[in-house]
Amino acid sequence: MASRAIFVFPPFRLDAANEQVWRDSDLVDLRPKTFEVLLYLVRNAQRLVTKRELLDSVWAGASVSDELLRGYIRELRDALGDDAKKPRYIETVPTRGYRFLPRVNSESSVQTPPSKLKPAKATQELRVGILHSLTGTMASTESPVVDATLLAIEEINERGGIMGREIQPVVIDGASDERAFARQAAALIAEAKVCAIFGCWTSASRKSVLPIVEQGDHLLIYPTQYEGMEQCSNIFYTGAAPNQQIIPAVSWTVGFLRKKRFFLVGWNSVYSRAANAIIRDEVEASGGEIVGEEYVLPDSTEVTRVVRTIAQTEPDLIFNSLVGDMNLFYTRLLRAAGITPEKIPTVYFSVGEIELQSLSAAAIVGDYASWNYFQSLDRPENHAFVKRFRSRYGRQRVVADTMEAGYLGVHLWAQASHAADPDDVAAIRRALPNQSFEAPGGRVRIDAENQHTWKTMRLGRIVEGGQFEIMWSSEKPIRPEPYPRSRSPTAWKEFLNKLYKTWGGNWTKSQSAISQVDDSHSAE
């Protein structure tokens, strides 16, 4: 599609339609096949592309040696002025593949500093903001959600947009920093004049943006499963509430797997702290026991100690709420300690198909994940969705739960915009409740009372190939309940307030010490 045919990674500009690469105003001489290799790496920037994936994509059906591929990579490095020992563009991951290092923008949605955002013109253009982490710890997890969001926007534009008006996305980087999310949200509203913001992944980023959209009486559509304990009139939640992910997963492990002794691993954020409080309540109510609870930070050196504690404790099962790149180091150490899915399985709450591409397949087969959507779903709507996504971004790409939630959120917003004045944010918010959509994962609708989404819950087992075998499904959409019933809404709010105050007015802890924050039931 022409709107995304130009890719920019300064000082280079790649023109996919004309198969040209420019360094500033100079044309870079590349052979056609060398260009294809570069294009695939650029389309999958900042993600590990395995040798097999690259060979299958560029030389589909042909038998090509690894040495030939290395030759093309050397040719690309020479053309880009790159150094294999100190790469700026193409990194070799020994025995595995290659990673294109720069962040890549398309000219239709190039990242713009807030101070340089141009006011929206009084034209037919309808601006929306897309606010996700394109750099930092969360980039590998959040960037694919941007792609799915843009796919939905392109689909709507191809059908005539909103009342004949083209949707113009403004993509901004939250940089894996809750404070940056708040600044960028304010810029999108005040300077870019967007009529909706699609974005945030971590609960810390959402909670930082919440007062911004409240103050501006604006609209955030949030696509991630989360801990609940929140209901804001300016936010619509298209990811899972606790009763659509966390609580059913605990019930399944107790009732089906017959597990009794659990270990909780998370990162020092509001999401993991709150999710583990919910799990603790559910486990204790079922007669089970929490035998350990540990937290790490993105830059923590405590992971080795945490893994050692798990090995010493020997739980029946681990509940894991780590996010982003943190899972990579932790899982490697877990397997190195001899803790395998056969001995002590893990249920993940934030690991899906995207993260499985970076984890060793052999090391994680047999573990579980709790989501609403899996790529392996056998539904005509899902097959069509996966096909469209891969046609747009590359046939080796995968789709995951939060991507689907980001995608369906755009379609629900578009339906509400057709029913109201698309420039009137308040009118769109009034039109969103009770909107429904036949999403890839099943029919969804917005609950009129709490602005969360009715969704089907599924629990999958990791199998070979980085996909999930669905072990259990609720079959029908579950009504969302933001506040878990184990405590009163007031008690949950007090629990969150305690975290926020203890962390000095932040939603993540900035130091590795955690003794100040104890998940006791004193919040009751």
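Above this text is the structure in question.
Analysis parameters
Within each chain, residues carry numbers counting from 1 in the order of the written sequence. At least 70 in pLDDT is required for a residue's local features to be given in this predicted model, at least 80 for side-chain atom pairs to be given and counted, and no such filter applies to totals for whole chains, interfaces and linings, which use all residues. The side-chain numbers reported here are obtained from all heavy atoms of the structure, hydrogens and water having been left aside. Put simply, buried Ala, Val, Leu, Ile, Met, Phe, Trp, Tyr and Cys residues joined by side-chain atoms within 4.5 Å make one nonpolar core. Throughout, exposure labels follow a simple rule: accessible area from a 1.4 Å probe, protein chains only, divided by the maximum for the residue type, with under 20% read as buried, over 50% as exposed, and the rest as partly exposed. Working rule for contacts: check all heavy atoms of both residues, and any pair within 4.5 Å makes them a contact. Paired strands are those between which DSSP finds at least two bridges. Counting from the N terminus, the helices are DSSP H or I runs at least four residues long and the strands are E runs at least two residues long. Convention adopted: a line fitted to C-alpha atoms gives each axis, helices being fitted over their contacting stretch, and angles between N-to-C directions are expressed from 0 to 180 degrees. The rule for a salt bridge is simple: a side-chain nitrogen of Lys or Arg has to be within 4 Å of a carboxyl oxygen of Asp or Glu. The scheme is simple: roughly parallel for angles under 35 degrees, roughly antiparallel for over 145, roughly perpendicular for 65 to 115, oblique for anything else. Multiply 1.5 Å by the residue count of a helix minus one, and that product is the helix's expected span. Arc definition: it is the arc formed by the directions from the helix axis to the C-beta atoms.

## Here's the deal with the nonpolar core
Right, on to step 1. Membership of the largest hydrophobic core comes to 101 residues, with the highest contact counts inside it found for Leu 219, Ile 310, Ile 318, Phe 319, Tyr 330 and Trp 413.
Right, on to step 2. Excluding its chain neighbours within four sequence positions, the residues that come into contact with Leu 219 are Cys 195, Ala 196, Ile 197, Val 213, Asn 234, Phe 236, Trp 413, Val 425, Ile 428, Arg 429 and Leu 432.
Right, on to step 3. Ranked by size, the runner-up nonpolar core spans 31 residues in total, among them Phe 7, Tyr 40, Leu 76 and Ala 79.

## Comments concerning the sheet that holds strand S14 (residues 261-267)
Right, on to step 1. Taken in spatial order, the seven strands line up as S15-S14-S16-S17-S18-S22-S23 in an open sheet, and their pairing is mixed. A strand with exactly one partner marks an edge of an open sheet, and here the two such strands are strand S15 (289-296) and strand S23 (467-473). Averaged over neighbouring strand pairs, the angle between their axes works out to 25° when direction is ignored.

## Quick notes on the sheet that holds strand S11 (residues 197-199)
Right, on to step 1. In spatial order, the strands read S10-S9-S11-S12-S13; together these five strands make up an open sheet with parallel pairing. The sheet is open, and its two borders are formed by strand S10 (167-173) and strand S13 (235-237), each paired with just one other strand. Averaged over all neighbouring strand pairs, the angle between strand axes comes to 25°, with direction disregarded.
Right, on to step 2. Bridge count for strand S9 (residues 126-132) against S10 is seven bridges, and the pairing is parallel. Bridge pairing links His 132 to Asp 173 in S10.
Right, on to step 3. Those strands touched by helix H4 (residues 139-158) are S9, S10 and S11, and its axis lies near 165° from that of S9.
Right, on to step 4. Here helix H6 (residues 203-215) sits on the sheet and contacts S9, strand S12 (220-222) and S13; the angle it forms with S12, its principal contact strand, is near 165°.

## Notes on the pairing of strand S7 (residues 97-100)
Right, on to step 1. Both strand S5 (residues 48-50) and S7 contribute to a ladder of three bridges, which runs antiparallel. Looking across to S7, one finds that Val 49 is bridged to Tyr 98.

## Let's talk about the pattern of salt bridges
Right, on to step 1. Under the defined criterion, the tally for this structure stands at 27 salt bridges.
Right, on to step 2. Linking Arg 280 and Glu 284 is a salt bridge whose minimum nitrogen-to-oxygen distance equals 3.5 Å. With Arg 280 and Glu 284 both in helix H8 (residues 270-285), this residue pair falls four residues apart, about one helical turn.
Right, on to step 3. Classification of Arg 280 by relative accessible area gives buried; the value is 15%.

## As for the packing of helix H2 (residues 51-58) against helix H3 (residues 66-80)
Pairs of packed helices are described in terms of their axes, by the angle between the two and the distance that separates them.
Right, on to step 1. Where H2 meets H3, the closest approach of the two axes is 11 Å, and the angle between their N-to-C directions is 85°. Relative to H3, the element H2 is oriented roughly perpendicular. Packed against H2, whose contacting residues are Lys 51, Leu 54 and Leu 55, the element H3 presents Asp 66, Leu 69 and Arg 70 at the interface.

## Here we look at the environment of Gly 164
Right, on to step 1. Inspection of the secondary structure puts Gly 164 in the loop between H4 and S10.
Right, on to step 2. In sequence terms Gly 164 and Asn 450 are 286 residues apart; their C-alpha atoms lie 31 Å from each other.

## Some details on helix H16 (residues 489-502)
Right, on to step 1. With 14 residues, H16 ought to run about 20 Å at 1.5 Å a step, and its terminal C-alpha atoms sit 20 Å apart, in line with that.
Right, on to step 2. Regarding H16, the residues found buried are Ala 491, Trp 492, Phe 495, Leu 496 and Leu 499. When H16 is viewed along its axis, its buried side chains cluster within an angular range of 140° and face the same direction. Opposite the packed face of H16, turned more than 90 degrees from it, sit the exposed residues Thr 490 and Lys 501.
Right, on to step 3. Residues of H16 that are buried in the fold lie against H6 and H8.
Right, on to step 4. The positive-phi residue at the C-terminal boundary of H16 is Gly 504, with phi of around 70°.

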